[in-house]
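A structural walkthrough
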Amino acid sequence: MTMLSGKEIVLGVTGGIAAYKACEIVRALRKDGAGVRVILTASGARFITPLTLQTLSKNPVFTDLFDLITESEIGHISLAQRANLLLIAPATANILGKIRGGIADDLLSTVVMATSAPVLLAPAMNSQMYASPAVRENVEVLLERGFTFVDPDEGELACGTVGPGRLADTEKIVEMARILLTEKILAGKRVVVGAGPTAEDIDPVRYLTNRSSGKMGFAMAVAARRFGADVTLVAGPTRLPDPLFMKTIRVRSAEEMLGAVGTAAEAADAVVMAAAVADFRPESAAPLKIKKETFDRRISLVPTEDILSSLGRSRGSRVLVGFAAETNDLEGNAVEKMRRKNLDAIVANDVSRTDIGFGSDSNEVRVYFSDGTALDLAMAAKDAIASAVWRAVCRKFLPG
Ligand code: CTP
């Protein structure tokens, strides 16, 4: 199962140079499991051919409101009604103006008016046009009416100028489509996720760390965002890029993670610690590189503060979820940690297995809850595991 399986997306492509990027968007949506039907406006068809989009979408491309053949097969009203999402990318200044003004003079503008599905607009145009009072006002009004925008990126534009106006990256547009198509079980909730390893410095070039890739924690943050939460991700050193549409705070040491998670947790409804926080750090980090001749081969370690335990001591109504990476006695160790740290749930995985866990894109876990129940989640992609963990946590601790 991919995120967009079973979803029907109508993609409107209007007439701007970025129309060629619609090809990439169609492919990305289909790869994620969505069915895609493209509506190409007359000016869009000056930039890209219906045949290209038809081949990529594997569906006929709609161009004309009064096309007798396509209208008899699937009318414009049913096209509007069967869509789970209407995405317009690129959206020109012209289509924004038409939607705002209630003009329905071609198939795309008519379908926008006739659909009850969420509408996602990804504008692309020259920076001057994007900054013009007419476009600014149209965007404001459409936002108030409940349309969603993926703002254009800044960069070099086809017309030679530099500024905002370039169609947002495909991944940004597709991620916003996923967000709009996921049920909002965490709407209005604030979530903090700690992810990745920590690094404890010995000197300016050496440090102690562990094998956490951060993937499971990042997946928990992304899933919470898709479910509608306001997410703060606190990430130790990982190679992963900042996830989209959330606040990411980069930290290095256990102490920095404690500070960042602690501050963010004050206003949070749920805190998930998927991070592999160092349990010990060198007593002091040498200010200069230690030379091997002077190194006495012993590093004196002191314990770090346990972040979850400190949150567990003054928890209020906040939901606390931990992770337990174990190599043996999974249940015994995980349940003992949940009790000791005063958690609502703990996600246990067996890191002695090479097919799951560290660095892998898949995982297989068992979630233990404070009420004595447990949930097995069979091997699946980490984002699917993350969604299932959130569903269970919401059902038990954050209903409606
Ligand atoms: N954790 C934490 N702060 C720490 C250490 C761990 O918040 N200083 C959190 C982890 O993010 C995880 C949970 O506690 O959610 C369990 O981490 P783990 O390292 O397995 O537990 P420890 O208590 O450190 O036990 P041990 O290392 O002995 O297995």
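Residues numbered from 1 in each chain as written. Predicted model: local features only at pLDDT ≥ 70, side-chain atom pairs only at ≥ 80, totals over all residues. Heavy atoms only, no water.

1. Looking at the pattern of salt bridges
Any two side chains of opposite charge can pair, on the condition that their charged atoms come close. What counts here: Salt bridges are identified by distance alone: a Lys or Arg side-chain nitrogen within 4 Å of an Asp or Glu carboxyl oxygen. Every helix listed is a DSSP run of H or I at least four residues long, and every strand listed is a run of E at least two residues long, numbered separately from the N terminus. Burial classes: relative accessible area under 20% of the type maximum marks a residue as buried, over 50% as exposed, and values in between as partly exposed (1.4 Å probe, protein chains only).
Summed over the entire model, instances satisfying the criterion amount to 22 salt bridges. Ionic pairing is found between Arg 226 and Glu 175, a salt bridge with its closest N-O pair at 2.8 Å. Of the two residues, Arg 226 is situated in helix H11 (residues 215-226) and Glu 175 in helix H10 (residues 170-180); the sequence distance between them amounts to 51 residues. Here Asp 361 makes a salt bridge to Lys 215, at a shortest N to O gap of 3.0 Å. Here the residue Asp 361 occupies a position in the loop between strand S17 (345-350) and strand S18 (362-369), and Lys 215 occupies one in helix H11, the gap between them amounting to 146 residues. Residue classification places Asp 361 among the exposed positions, given a relative accessible area of 53%.

2. So, a nonpolar patch on the surface
Selection criterion: Residues with no salt bridge and a relative accessible area higher than 30% make up the patches, which join like charges within 9 Å and nonpolar side chains (Val, Leu, Ile, Met, Phe, Trp, Tyr) within 5 Å. Accessible surface area values rest on a Shrake-Rupley calculation with a 1.4 Å probe, where residue burial reflects the displayed protein chains alone.
A surface patch of nonpolar side chains, amounting to about 410 Å² of accessible area, comprises Leu 208, Phe 280, Phe 295, Ile 299 and Leu 301. As for its placement among the helices and strands, Phe 295 is situated in the loop between strand S14 (280-282) and strand S15 (301-303).

3. Brief notes about the environment of Pro 90
Let me state the cut-off plainly: Here a residue-residue contact requires only that any non-hydrogen atoms of the pair lie within 4.5 Å.
Structurally, Pro 90 can be placed in strand S3 (residues 85-91). Relative accessible area serves as the criterion here: at 1%, Pro 90 is assigned to the buried category. A C-alpha to C-alpha distance of 9.4 Å links Pro 90 and Arg 166, two positions 76 residues apart in sequence. Discounting residues that sit within four places of it in the chain, Pro 90 has contacts with Gly 12, Val 13, Thr 14, Ala 18, Ala 19, Ala 122, Ala 124 and Leu 167.

4. Looking at helix H14 (residues 330-340)
Cut-off, in case you're wondering: Note that the arc is computed from the directions linking the helix axis to the C-beta atoms.
Where H14 is concerned, the buried positions are Ala 334, Val 335 and Met 338. For H14, the arc enclosing every buried residue in end-on projection is 95°, short of the 170-degree limit, so these residues lie on one face. Those residues of H14 hidden inside the fold are in contact with strand S16 (319-326), S17 and S18. One or two residues past the end of H14 sits Asn 342, with phi positive at roughly 60°.

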